[in-house]
Amino acid sequence: MTFRDFVAPLKWIDGRPLASTIEPYRWRFFDEALKRAGVAFLYSMVLSGRGKKNNKTTDLMISGLHAVVDDSPAGNQCYLVANDKDQAGDSHTLAKKIIKVNPVLQDYLTVKKNVIERKDGNGFLEVLAAGDAVGSHGKTFRWLGIDEIHGYRNWDLLEALAPDPSRLDAQTWITSYASIHHKPGVPLFDLMHTGRTGTDPKMLFSWYAADFCTDPEFADKLPEERANPSMLSWGNPGYLEQQKRRLPAHKYRRLHLNLPGLPEGSAFQPEPIMDSIERDVTARPYVAGTVYHAFVDMSGGSSDDATLAIIHQDGDDRIVLDRVMNQGPPPPFDPNAAVDRFVRELRDVYHLTTIVLDRYAGNTFISQFEKQGVRCRVADRTKSELYEAFESPLNGGRVVLLDEPVLEQQLFGLIWRGARIDHMPGEHDDWANAVCGATALATRPTKSRAGEMFIPWLV
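Report on the accompanying structure. (Residues numbered from 1 in each chain as written. Predicted model: local features only at pLDDT ≥ 70, side-chain atom pairs only at ≥ 80, totals over all residues. Heavy atoms only, no water.)

## What about the overall build of the protein chain?
Then, in step 1: In terms of helices and strands, the protein chain carries 18 helices and 20 strands.
Then, in step 2: Judged by the C-alpha coordinates and their principal axes, the protein chain covers about 85 × 45 × 35 Å.
Then, in step 3: Per-residue burial over the protein chain gives 54% buried out of 459 residues.
Then, in step 4: Considering only contacts in the protein chain between residues 6 or more positions apart, those separated by 24 or more positions represent 68%.
Then, in step 5: Accessible area for the protein chain stands at about 19800 Å²; split by element, carbon and sulfur atoms hold 51% of it.
Then, in step 6: Put simply, the protein chain has 53 plus and 61 minus side-chain charges, and the middle of one group is 3 Å from the middle of the other. (Helix = DSSP H or I, 4+ residues; strand = E, 2+ residues; numbered from the N terminus. Buried < 20%, exposed > 50% of the residue type's maximum accessible area, 1.4 Å probe, protein only. Contact = heavy atoms within 4.5 Å. Areas by Shrake-Rupley, 256 points an atom, 1.4 Å probe, with all protein chains shown as cover. Lys, Arg positive; Asp, Glu negative; His and termini not counted. Charge placed at Lys NZ, Arg CZ, Asp CG, Glu CD.)

Okay, structure coming up:
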């Protein structure tokens, strides 16, 4: 039974046809997740992340009901694991409500206290609390759903419920907000890294967040729209603004923007970063007579972004970020095209003809910039030293940043690694490096004129 055939006769709990309540992006998700290659599914693992109130649990529950009624050669043993008993109860209640309004499901299934059983005895959907599932080694299943792993610190549960390799149609579905514990070794961090790098062809990674989205139809939308693909169905355009006012900023970021919590050993505290951001401002126009400074963190184009930051110091001694941008297309990209893009912004918009290049790759790209009339100097400070220098004006409330989720998340993700500040393994810091480098230019000038900057300690 295909998923669409399963859904077609069903009603949602309010009596509407279930198919009519599933938005196009969710249909695309289900179609992709349930592609088959013979008996086996194309994907043995599905990882789905969205902001709060975007049907994550609903889709997980519908998928579980489909899995229990779709005949499997080895039986339809299905488990849904929730964070705790309360969440497990809520999930079970949702399943019961769906069955109650659908006689066609009542013909297949019998609802009991913590389990929904097939009447022919060939399978079940059992709802478990995570604490009860950790000791469940050796279970064989057709489908395992895990609702919200954002709080998991280790792999114990996932190791205990590893799929049976002889079950070709076994699938593990995971839904979650971004992780509270954002560091290597935490399941969601590791799985997201696998998804973003594409190193596991048997894993479907579907992620909607303010800083990153796997769906091309949402990738260029505003951060709130990227993280909340179901927001148009809410019928409440003021909901997110209301939540922003009522929730602490770090909770709003994680629940509604689907951005992870701070890693251990964070270099910066969250409050100064969030206080420095001028929300809803993504760029500032050129103002004649202003002394602008530009820092570029170049990239070879294979995995990291190339990033340009332009900044100025205002009359109140504040360091104001005017523009931060990357190369345009995602990696892999042609770094020469990135140079062309940056030169147009520097010369045509901000009338700059001098930049400082990141120390790591600076010498590689000097000639490309200078061929187009942009003079270059290479920073003699390491990025760790630039990050340390950034902390003082940041904590002093002198930094005014743009509302760029990638920049915000990279600043949150910087950690102390021994005696230096760097990003975590598998993460990136190119936007943060460019902005902190530009901040250093604005805070320690020794000789300047409008549009250019000469700083001996960066030569």
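## Section: the packing of aromatic side chains
Then, in step 1: Inspection of the entire model under this criterion finds 16 aromatic pairs.
Then, in step 2: Plain terms: the ring middles of Phe3 and Trp27 are 6.1 Å apart, the flat faces sit at 70 degrees to each other, and that makes the pair edge-to-face. Note that Phe3 is positioned in helix α1 (residues 3-7) and Trp27 in helix α3 (residues 24-33), a separation of 24 residues in sequence.
Then, in step 3: A relative accessible area of 5% places Phe3 in the buried class.
Then, in step 4: A residue is classified by how much of its surface remains accessible, and Trp27, at 13% relative accessible area, is buried.
Then, in step 5: Here Tyr25 and Tyr208 contribute two aromatic rings whose centre-to-centre distance is 5.4 Å and whose plane-to-plane angle is 65 degrees, an arrangement assigned as edge-to-face. Here the residue Tyr25 occupies a position in helix α3, and Tyr208 occupies one in the loop between β10 (203-207) and α10 (223-227), the gap between them amounting to 183 residues.
Then, in step 6: Residue Tyr25 is classed as buried on the basis of its relative accessible area of 3%.
Then, in step 7: Among the residues examined, Tyr208 registers a relative accessible area of 3% and is labelled buried.
Then, in step 8: Among the aromatic side chains, those forming a connected cluster through ring pairs are Phe3, Phe6, Trp27, Phe29, Phe30 and Trp173.
Then, in step 9: The ring of Trp27 carries Arg4 above its face, with NZ or CZ at 4.3 Å from the centroid.
Then, in step 10: Sitting over the face of the ring of Phe29, Arg50 holds its NZ or CZ atom 5.4 Å from the ring centroid. (Phe/Tyr/Trp six-rings, centres within 6.5 Å; stacked < 30°, edge-to-face > 60°. Lys NZ or Arg CZ within 6 Å of the ring centre and 35° of its normal.)

## Here's the deal with the sheet that holds strand β16 (residues 399-400)
Then, in step 1: The mixed open sheet is built from six strands, whose spatial order is β15-β14-β11-β12-β13-β16. The sheet is open, and its two borders are formed by β15 (375-378) and β16, each paired with just one other strand. (Pairing = 2+ DSSP bridges.)

## Thoughts on the pattern of salt bridges
Then, in step 1: Counted under the stated rule, the structure contains 26 salt bridges.
Then, in step 2: Across the pair Asp120 and Arg118 runs a salt bridge, and its minimum N-O distance is 2.7 Å.
Then, in step 3: Since its relative accessible area comes to 6%, Arg118 is described here as buried.
Then, in step 4: Salt-bridge contacts for Arg398 lead to Asp317; the nearest nitrogen and oxygen are separated by 3.4 Å. With Arg398 in the loop between α16 (383-395) and β16 and Asp317 in the loop between β12 (307-313) and β13 (319-326), this residue pair connects regions lying 81 residues apart in the sequence.
Then, in step 5: The exposure class assigned to Asp317 is partly exposed, which follows from its relative accessible area of 38%.
Then, in step 6: Beyond isolated ion pairs, a larger network of salt bridges with shared partners links Lys383, Arg417, Arg420, Asp422 and Asp429. (Salt bridge = Lys/Arg side-chain N within 4 Å of Asp/Glu carboxyl O.)

## A short note on the side chain of Asp429
Then, in step 1: Here Asp429 shows up in the loop between β18 (420-422) and α18 (430-443).
Then, in step 2: One polar contact links Asp429 to Lys383, side chain to side chain, over a distance of 3.0 Å.
Then, in step 3: Not counting residues up to four positions away in its chain, the partners in contact with Asp429 are Lys383, Tyr387, Gln410, Leu414, Asp422 and His423. (Polar contact = N/O pair within 3.5 Å; in protein donor to acceptor, adjacent residues only side chain to side chain.)

## A few points about a nonpolar patch on the surface
Then, in step 1: Taken together, the side chains of Met1, Val104 and Tyr108 present a nonpolar region at the surface, about 250 Å² in accessible area.
Then, in step 2: One can find Val104 in helix α6 (residues 103-106).
Then, in step 3: Look at Val104 and you get partly exposed, because its relative accessible area is 33%. (Patch = residues over 30% accessible without salt bridge, like charges linked within 9 Å, V, L, I, M, F, W, Y side chains within 5 Å.)

## With respect to the pairing of strand β14 (residues 354-357)
Then, in step 1: Where burial is concerned, the two faces of β14 agree: the one with Thr354 and Val356 and the one with Ile355 and Leu357 are both buried.
Then, in step 2: Pairing of β14 with β15 involves four bridges; the strand directions are parallel. The residue of β15 that forms the bridge with Leu357 is Val378.

## Things to note about the environment of Pro165
Then, in step 1: If you trace the backbone, Pro165 turns up in the loop between α8 (156-160) and β9 (171-176).
Then, in step 2: Considered as a pair, Pro165 and Leu259 are 94 residues apart in the sequence and their alpha carbons are 34 Å apart.

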